[in-house]
Amino acid sequence: MNQQGDISTKQMLILILIAYLFSIAVRMIWVWDYAGAIPAFVWNNEIMINTNDGYFFSAGAQKELYGQHLTNPRVFGMWDYGVIFFTVLFAKITPFSLETISLYLPAVVSSLVVIPIILLGRAYGQTLWGFGGALLGAIGWSYYNRTMIGYYDTDMFSAMAPMFILYFLIKSTLSSELKIALFASIFIVFYPFLYDQGMAIVFTMGILYALYMLFYHRNEDLTYASLTLVFASLISFGLDKPNEYFVKLALVVALFFIVSKLQKKVLMILALLMALAFLITGDVLTLIMNKISSYTLTGTEGEGLKFFGVNQTVREAGDISFSEMAERISGSVIGVMIALIGYVVLVIKHRAFILALPLIGIGVFSMWGGLRFTVYAVPVAGMSAIYLFWYLKEYIHEKKLQYAFFALGTTAMLIPNIIHVFDYDTPTVFTKTEVSDLSKLDTIADSKDFVLTWWDFAYPIWYYSNTSTIIDGGRHDHDNYIISTLMLSTNQTQVANLSRLSVESYMKAKNNLVAEDIFKDKNPNTLLKELENPSYALPAKTRDVYLYMPYKMMGIFPTVSLFGNLDLTTGSPLRKVEFMQLDGQAINDLEPNTGIFHANKNEIKIKNFAMSGYDESGKFQKTTQTFHIDGEMSAVYMQSYDSFVLMDNETFDSAFVQMFMLENYDHNLFELVVNSPYSKVFKVKK
């Protein structure tokens, strides 16, 4: 492509640096304008991260750097995930702490997306278009949300790495050099190391690239040499990490030197063989369909025991509206319309951009699959929107007015996304006090011990208390039933017995699948009833078990209850669980003499009413009274939180309400080892 009239390479590099620093600066707004001013967000002299999943990778870094978590089978190492690899690398070669690296790495890595965007503009001799697209693509709403400072997760690679792949694929259609396809193939080889969840997208890009090349460049020898390399990079050998990556890298590099010496017919055969190997070993169709179904299927499972499905309880896996999709991708409905029109014009003018269709398509799919898919479309949408302004400026005759129009359009697209950054006050996962509780647990528990709690809190527990859990953010399927049952149970003997049984089964069961193991030979309802017996024969104790009940669980308790409130043999709810956390002002709607609660125009007879809170000395105080034996519901007023909770009577008797909210627990079964307004940790004595 003729780049006559484009800026110099030095100027391009300056624009890359400006765009990169702009992306970093916008992400620093969260620190300067919000988090840095809140002492509760600071631990170990650094602001804490703001995504639960980040602690999964931080725990992996702890394992590599400090030898922690060696008995936790769920903690991985530096060769399993690129995030852990680069974290450990930077911790060893820089003076920064693990906490500082984890906090800022998302911004440092994700901002690299400006490089392929600007290079794409450069490939067509329009670097300034690429620069404008880079400014927008780097800070687009959804991309910012999942790559902001503190969002320490693989999402930092999710759209950045595919944009490098896209650049090299498009560049290979414009170049006569096979090395461009080699670079694309190398990025494809290592993509799953960076972001394994996005392989379906890369597969789709690879297939579309093949179709494009065969349609437009089928008479060129370079086409089949390029396809040989790309398909070879997509083959799966089924090896362990990192052997899989190095074997594929060796194959791709070897083929690069081989194909240059082959005749066209031989190249065609070799490309076909690589394509077949990719389709067979990659199980492509199954992978793509599984990805789609995993984000669209809901409900209980249909075969065997009927556990509650998890995807419909995860917000990012639910349907979103067109307007939300538009805001997430381009900052506004108008913005996404400009981007979509711009993409059509872009493909018409530069047809190779059809290779970006999978990234645009997955963004549109987010309306059914969930908001997490919008992130992939942001950089391409940013390029497309800015291209429309770049294209339309040519209809303006005055040169200065052309660039004024282009700058004005770019600024208009940037403004709603920057406003969003100022409004997006995301808190850290835990506060200093909550982390202090886990730090206390770290001094009490051994690294081989287990903490039973909901999966949302698992990774921070690993990181701060150096213990294990049976469910976590990457393993929360059937065993959710176990934890939910513990929280819902009205029999504390059952809670203690099930806790011990679950942990010992976890260590022995195949793939650590607790529910499948303990229910494989016995009806779940029968076993749960037997666990209420203090004399139930438990497995030998090999480690200590703790129950973690945080205040944060109150906000998700209705969701937690969905998993345990089931008859596993039928999939039907056992009862109607009601748990409504209201503002403390609701206490005024309860008549203290009659025990009648006024909910709008309805009068509810309260059976049990409790008040709890901490006095000035920090001592926990509570009172409980019964108003109506035949009362419809029960209530707890938590004074310290100014929170009024209305619930069904059985939930009032549950372990979570009694042990956390009221500190009513069997001292023969449990020991309260960590106690604060934010969390309570009970050691199981069984």
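Our subject is the structure listed above.
Residues numbered from 1 in each chain as written. Predicted model: local features only at pLDDT ≥ 70, side-chain atom pairs only at ≥ 80, totals over all residues. Heavy atoms only, no water.

## Remarks on the pattern of salt bridges
Overall, the coordinates contain 18 salt bridges when judged by the stated rule. Across the pair aspartate 6 and arginine 122 runs a salt bridge, and its minimum N-O distance is 3.3 Å. Residue aspartate 6 is found in the segment before helix H1 (9-33), and its partner arginine 122 is found in helix H5 (residues 114-123); the two are separated by 116 residues along the sequence. The class of aspartate 6 is buried, set by a relative accessible area of 18%. Residue classification places arginine 122 among the buried residues on the basis of a relative accessible area of 12%. A salt bridge links arginine 74 to aspartate 472; the shortest N-O distance between them is 2.8 Å. Of this pair, arginine 74 sits in the loop between helix H2 (54-66) and helix H3 (82-93) while aspartate 472 sits in the loop between helix H22 (458-465) and helix H23 (480-488); the two residues are 398 residues apart in sequence, bridging distant segments of the chain. Overall, the relative accessible area of 0% leaves aspartate 472 in the buried class. (Salt bridge = Lys/Arg side-chain N within 4 Å of Asp/Glu carboxyl O. Helix = DSSP H or I, 4+ residues; strand = E, 2+ residues; numbered from the N terminus. Buried < 20%, exposed > 50% of the residue type's maximum accessible area, 1.4 Å probe, protein only.)

## Examining helix H19 (residues 374-392)
Between its first and last C-alpha atoms H19 spans 27 Å; for 19 residues at 1.5 Å apiece the expected length is 27 Å, and the two agree. At valine 380, H19 shows its largest kink, close to 30 degrees. Burial within H19 is extensive, with 17 of its 19 residues counted as buried. (Expected span 1.5 Å × (residues − 1). Bend = angle between axes of the 7 residues up to and from the residue.)

## With respect to the packing of H1 against helix H4 (residues 98-110)
With their axes 9 Å apart at the nearest point, H1 and H4 run at an angle of 155 degrees to one another. As the angle between them shows, H1 and H4 are arranged roughly antiparallel. Crossing geometry of H1 relative to H4 is assigned as right-handed. Counted together, Tyr20, Ile24, Arg27, Met28, Trp30 and Val31 of H1 and Leu103, Tyr104, Ala107, Val108 and Ser110 of H4 form the full contact between these two elements. The residue inventory of the contact of H1 with H4, partitioned by class, reads nine nonpolar, one polar and one charged. (Axes fitted to C-alpha atoms, helices over the stretch in contact; angles between N-to-C directions. Parallel < 35°, antiparallel > 145°, perpendicular 65-115°, else oblique. Left-handed = near helix turned anticlockwise from the far one by under 90°. Contact = heavy atoms within 4.5 Å. Nonpolar A, V, L, I, M, F, W, Y, C, P; charged D, E, K, R; others polar.)

## Thoughts on the side chain of aspartate 437
Here aspartate 437 lies in helix H21 (residues 432-444). At 4.4 Å, lysine 440 is the nearest oppositely charged side chain to aspartate 437, a buried residue that forms no salt bridge. Engagement of the side chain of aspartate 437 in a polar contact is seen with the side chain of serine 679, the distance being 2.4 Å. Apart from residues lying up to four places away in sequence, aspartate 437 is in contact with Val674, Ser676, Tyr678 and Ser679. (Lys, Arg positive; Asp, Glu negative; His and termini not counted. Polar contact = N/O pair within 3.5 Å; in protein donor to acceptor, adjacent residues only side chain to side chain.)

## Details of the pairing of strand S8 (residues 596-599)
On a regular strand, one side chain projects to one face of the sheet and the next to the other, so that they alternate. Relative to strand S9 (residues 602-614), S8 is paired through four bridges, and the arrangement is antiparallel. Bridging from a neighbouring strand, histidine 598 pairs with glutamate 603 of S9. Once S8 ends, the chain turns through two residues before running back antiparallel as S9, passing asparagine 600 with a positive phi of about 55 degrees. (Pairing = 2+ DSSP bridges.)

## Examining the sheet that holds strand S13 (residues 670-675)
With mixed pairing, the four strands of this open sheet are ordered in space as S3-S4-S14-S13. Edge strands, defined here as strands with exactly one partner in the open sheet, are strand S3 (450-452) and S13. In this sheet, adjacent strand axes meet at a mean angle of 30 degrees when their direction is disregarded. The sheet contact formed by strand S4 (residues 545-550) and strand S14 (residues 679-684) spans five bridges and is antiparallel. Residue pairing across strands places tyrosine 548 opposite valine 681, the latter belonging to S14.

## Quick notes on the environment of alanine 37
Mapping alanine 37 onto the fold places it in the loop between H1 and strand S1 (42-43). Since its relative accessible area comes to 60%, alanine 37 is described here as exposed. Considering only alpha carbons, one finds alanine 37 and isoleucine 47, ten residues apart in sequence, at a separation of 9.9 Å.

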